[in-house]
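Structural overview for review
Chain residues, written in single-letter form:
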Amino acid sequence: MTARPSSPDTPSGTPSVPAPPADRPRKPASGEKAKAKAKQSKQAKENNPESPANPENPTAPPLDPTDRERLLSGSYHDPHGLLGAHPLPGGGIVIRTLRPYAHAVTVLTDGPEGPGGPGGTRTPLHDDGDGFFSGVLDLPAVPAYSLLIRYGDTDGVDDVEVHDPYRFLPALGDLDLHLIGEGRHEELWKALGARPMTHQGVTGTRFTLWAPNARGVRVSGDFNYWDGTSLPMRSLGATGVWELFVPGIGEGALYKFDITRPDGTHTLRADPMARRTEVPPATASIVTDTHHVWQDEEWLAHRADRAVHEAPFSVYEIHLASWRPGLTYRQLAEQLPAYVKDLGFTHVELMPVAEHPFGGSWGYQVTGFYAPTSRLGTPDDFRFLVDALHRAGIGVIVDWVPAHFPKDEWALARFDGRPLYESEDPQRAEHPDWGTLEFDYGRTEVRNFLVANAVFWCEEFHIDGLRVDAVASMLYLDYSREAGQWSPNEHGGRENLDAVAFLQEMNATVYRRCPGVVTIAEESTAWNGVTRATHLVGPDGFGGLGFGLKWNMGWMHDSLDYVSKEPVHRKYHHGEMTFSMVYAYSENYVLPISHDEVVHGKRALVSKMPGDWWQQRANERAYLGFMWAHPGKQLLFMGQEFAQGAEWSEGHGPDWWLLDPSYEAAPDHRGVRDLVRDLNTVYGATPALWERDTSPEGFSWVDGGAAEDNVFAFLRFDAAGSPLLAVSHFAPVVRHEYRLGVPERYAAWTEVLNTDAARYGGSDVLNPEPLKPESTPSHGHAASLLVTLPPLSTIWLRPTP
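These notes cover the structure that comes with them. Since the model is a prediction, treat every value here as computed from it, not as a measurement.

Thresholds applied
Residues numbered from 1 in each chain as written. Predicted model: local features only at pLDDT ≥ 70, side-chain atom pairs only at ≥ 80, totals over all residues. Heavy atoms only, no water. Pairing = 2+ DSSP bridges. Helix = DSSP H or I, 4+ residues; strand = E, 2+ residues; numbered from the N terminus. Axes fitted to C-alpha atoms, helices over the stretch in contact; angles between N-to-C directions. Contact = heavy atoms within 4.5 Å. Polar contact = N/O pair within 3.5 Å; in protein donor to acceptor, adjacent residues only side chain to side chain. Parallel < 35°, antiparallel > 145°, perpendicular 65-115°, else oblique. Left-handed = near helix turned anticlockwise from the far one by under 90°. Core = buried A, V, L, I, M, F, W, Y, C linked by side-chain atoms within 4.5 Å. Buried < 20%, exposed > 50% of the residue type's maximum accessible area, 1.4 Å probe, protein only.

1. What to know about the sheet that holds strand β13 (residues 234–235)
- In spatial order, the strands read β10-β11-β14-β13; together these four strands make up an open sheet with antiparallel pairing. For this open sheet the edge positions go to β10 (193–199) and β13, each flanked by a neighbour on one side alone.
- In terms of strand pairing, β10 meets strand β11 (residues 202–210) through seven bridges, oriented antiparallel. What sits directly across from methionine 197, in β11, is glycine 204.

2. Comments concerning the sheet that holds strand β6 (residues 126–129)
- In space, the four strands of this open sheet follow the order β1-β2-β7-β6, with antiparallel pairing throughout. Edge positions in the open sheet fall to β1 (84–87) and β6, since each of these has one partner strand only. Each adjacent strand pair in this sheet contributes to an overall mean axis angle of 25°, direction not counted.
- With respect to the sheet, helix α2 (residues 65–73) is in contact with β2 (93–98), β6 and β7 (132–137), its orientation differing from that of β7 by roughly 125°.

3. Observations regarding the environment of glutamate 641
- Position of glutamate 641 relative to the elements: it lies in the loop between β29 (633–637) and α16 (666–684).
- Sequence-wise, glutamate 641 and glycine 671 are 30 residues apart; in three dimensions their C-alpha atoms are separated by 9.7 Å.
- Those residues in contact with glutamate 641 that lie beyond four places of it in its chain are Tyr316, Tyr339, Leu343, Leu636, Trp656, Val672, Arg673 and Val676.
- Among the polar contacts made by the side chain of glutamate 641, one reaches the main-chain amide nitrogen of glycine 639 at a distance of 2.7 Å.

4. Observations concerning the packing of helix α12 (residues 553–563) against helix α15 (residues 613–629)
- Contact geometry of α12 with α15 gives a least axis separation of 11 Å together with a crossing angle of 150°. With respect to α15, the axis of α12 lies roughly antiparallel. Seen along the crossing, α12 lies across α15 with a hand that is right-handed. Residues Trp555, Met556, Ser559, Leu560 and Val563 of α12 pack against Tyr623, Phe626 and Met627 of α15.

5. Observations regarding the nonpolar core
- Phe207, Leu320 and Phe382 are the most contacted members of the largest nonpolar core, which totals 178 residues.
- Counting residues per element, this core draws most heavily on helix α9 (residues 444–460), which supplies 10 residues.
- If you look at the next biggest cluster of nonpolar residues, it comprises 20 residues, including Val702, Leu715, Leu725 and Val727.

6. Some words on the environment of glycine 135
- Inspection of the secondary structure puts glycine 135 in strand β7.
- When the C-alpha atoms of glycine 135 and phenylalanine 257 are compared, they prove to be 29 Å apart, with 122 residues separating the residues in sequence.
- What glycine 135 contacts, discounting residues up to four positions off in sequence, is Pro58, Ala60, Ile93, Val94, Ile95 and Leu125.

7. A few points about the packing of α9 against helix α11 (residues 497–513)
- The interhelical angle for the contact between α9 and α11, taken along N-to-C directions, is 30°, at an axis separation of 10 Å. Relative to α11, α9 is oriented roughly parallel. Helix-helix and strand crossings are classified by hand; for α9 and α11 the assignment is right-handed. For the pair α9 and α11, contact is made by Arg447, Leu450, Val451, Ala454, Val455, Cys458 and Glu459 and by Phe502, Glu505, Met506, Thr509, Val510 and Arg513, respectively.

8. Topic: the pairing of β2
- For β2, the tally of buried residues reaches six of six residues, placing the bulk of the element in the interior.
- Both faces of β2 are covered, namely the face carrying Ile93, Ile95 and Thr97 and the face carrying Val94, Arg96 and Leu98.
- Between β1 and β2, which follow one another and run antiparallel, lie five residues, and glycine 91 among them has a positive phi close to 110°.
- Pairing analysis gives six bridges linking β2 to β7, with the strands arranged antiparallel. Residue pairing across strands places threonine 97 opposite phenylalanine 133, the latter belonging to β7.

9. What about the pairing of strand β16 (residues 266–269)?
- Burial along β16 is one-sided: the face carrying Thr267 and Arg269 is buried and the face carrying His266 and Leu268 is not.
- In this structure, strand β15 (residues 254–260) lies alongside β16, joined through four bridges in antiparallel fashion. Across the sheet, phenylalanine 257 pairs through a bridge with arginine 269, a residue of β16.
- Counted along the chain from β15 to the antiparallel partner β16, the turn is five residues long, and its residue glycine 264 has a positive phi close to 90°.

Note that every value here comes from positions in space, so none of it alone points to a role or purpose.
Have a look at this one:
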């Protein structure tokens, strides 16, 4: 197999890809280049138009010197007007091609048995120098033809026959161009980028690119040895779109775009719409298509049966590359669905899978917005993983990052020589925290790029949810900026009105096109109406952003601060655990214990807890019980389900060895994991814990003020009014006969979960028998229970059937 050339800025040692087809030219060595150029120059003089004409092979009219130079420099907007076949005013057909390094080019026209066969013609072209070849066919109309190109000195040995890219009409329709110009092409990935296709009966790849500031664009790839001279693209009017159909190029080909900037300099760029990329640190785009046959029809058919905020929703967040380091997408499909299903989570949330150059960014600095990272396999391999999760009954959420992008010179930054995807205003372009650039949400084409990208993940990969990263940084013009570093909006405010409009359009489009998909905002401020419908205007004058759910960052910070305190001090922080109920129904919330809370010195969840090893685990178990009972959905990052003590690192992932039976403390970790499984099991079977998550009628405090006892007791109700009593006790003592008021109409209550059970690693202080209410009023109820509260625990009780 012949080695395939990598892109010019690709390090050596990149993974191999299939060898090029036999009809791709051998790249001349440097000596051959000089020889070929000298030969071309000599032949050009011999074939000078001023020389006597050859009546059997007349000379083509010369190119205008300016046009010739612009073609060679990659600055011509309409190469199809000069290259290819065109009728001459006085009769005949002129054919011109640009083939650097070719020794000779012959035009083959079709006969009854094909190009160059009986009844067809073979017309050698004149060598005009600099890679130009031309000739005139004595025909009344442009024929079907191909080019026979010789790259060596031996006739027939080094010849390749190819279709001429410049004999094809545009492969992009007027409707596509109209929608792109309006910024309303919701399937943009089908119009832009590299798409294998059959066009005018010939197979090849259509290359399209939006680069409105470019003076010219050429396709450069392993198929022309990264010299784009022979493949200039044409500009399709005022849309800024460039297009070229290249016959014979198919899946697996590496490519980039050679863009001539407004100042005449060149930049070699990866395709912003690439649907597959090389494995980083290599940076070329790869021509690809999908062949995956989906088997998740049943999942998709029922995904929208119940609104997500009224359904069980328990999320296991993972970083795919480090969950089981070294596994590919297909290998993950053999392990991940079974693990998540066993633990009872309804969904997985994948940290960004879009291609990114630096693994240490965890995927949050994206360069390939339309390509799943190639580190773990191909796009179809990723589809295979999603399909496997769906067939296991597990939904898939991906983190999506439209807030910013990195400055890598081969990617989006100053893409065609000027700010394009980023704002021209430096105060709005630079992201102050991450050394990245922010998108220009006010530009229709950029907004279209992002809106279509959200739809792309949902439709092409059957994704069930998009968790949108860093929403707060998008919403505020003064985000992380000091006075003088930002300019107000047209109304004098700090709100980024363009970002608001973009988020509203994105959410409205996704919900309209993709039934059952949920969008989730990581929004850390008190912005009003994050999960309000876009058409409903709030007191601030803005319509809702239209998200389905929002991460409750306030609950996360407050509750973690509380449990990190020694029990003796917790009474002074009691309000941190109850304050969330003041605003619990202002949005539709997710309660996140995410990757951000277990890295960079913040410590793992169990390590945040005070006390000895037993108390730390007991605190974590009690906290998880409180979290699963609190209004809102749940999200837990990998490794926390078995009380990993070390912070997460993308370099090695979770400490799975803690669960190895040969490790003496493995039962401690397995116990916490068993609790997570039981929390999910009871949660899923108890509508009171999720059916009225966003309704105040679904919650009632029994006792939210027992600060001295470190106790929080509340009732949850399902739509029919059936209750669950949750009691969290964050003190390291046993409290016997602790009185709690309950609705009087129930004859007995049964403990259905106790985080202090021995099988979880607890002290096994239980309420083993059904508890019968007494007629002693308490906490506003006519009846009450006497409950035993284990140390550092959460218990759940339901009315006995």
